[in-house]
Amino acid sequence: MATWIVGGVVALIVAAIVIKMVRDKKAGKGSCSCGGDCGQCHKCH
């Protein structure tokens, strides 16, 4: 039973991370420090 509980918790954490990444992507936020305008900063790629 503990295996199912731990697996459920891990699945919830992964789902929360994915949802946050999708929301950040839609909002224009990303891992890039220049705000997605990499043609101007040349730091990302």
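Under an unreviewed UniProt entry, the name given to the chain is FeoB-associated Cys-rich membrane protein, and the source organism is Candidatus Alectryocaccomicrobium excrementavium.

Where nonpolar side chains cluster on the molecular surface, the patch consists of M1, I5, V9, I13, I17 and M21 and spans about 660 Å² of accessible area. The residue I13 is located in helix α1 (residues 2–26) in this model.

So, about the pattern of salt bridges. Per the stated rule, a full pass over the model turns up one salt bridge. The residue D24 makes a salt bridge to K20 at a minimum N-O spacing of 3.0 Å. Of this pair, D24 and K20 both sit in helix α1, separated by four residues, roughly a single helical turn.

A separate point is α1. For α1, spanning 25 residues, the distance from its first C-alpha to its last is 36 Å, which sits close to the expected 36 Å at 1.5 Å a residue. Looking one or two places after α1, you find G28, whose phi comes out positive at around 90°.

So, how was this worked out
Residues numbered from 1 in each chain as written. Predicted model: local features only at pLDDT ≥ 70, side-chain atom pairs only at ≥ 80, totals over all residues. Heavy atoms only, no water. Patch = residues over 30% accessible without salt bridge, like charges linked within 9 Å, V, L, I, M, F, W, Y side chains within 5 Å. Areas by Shrake-Rupley, 256 points an atom, 1.4 Å probe, with all protein chains shown as cover. Salt bridge = Lys/Arg side-chain N within 4 Å of Asp/Glu carboxyl O. Helix = DSSP H or I, 4+ residues; strand = E, 2+ residues; numbered from the N terminus. Expected span 1.5 Å × (residues − 1).

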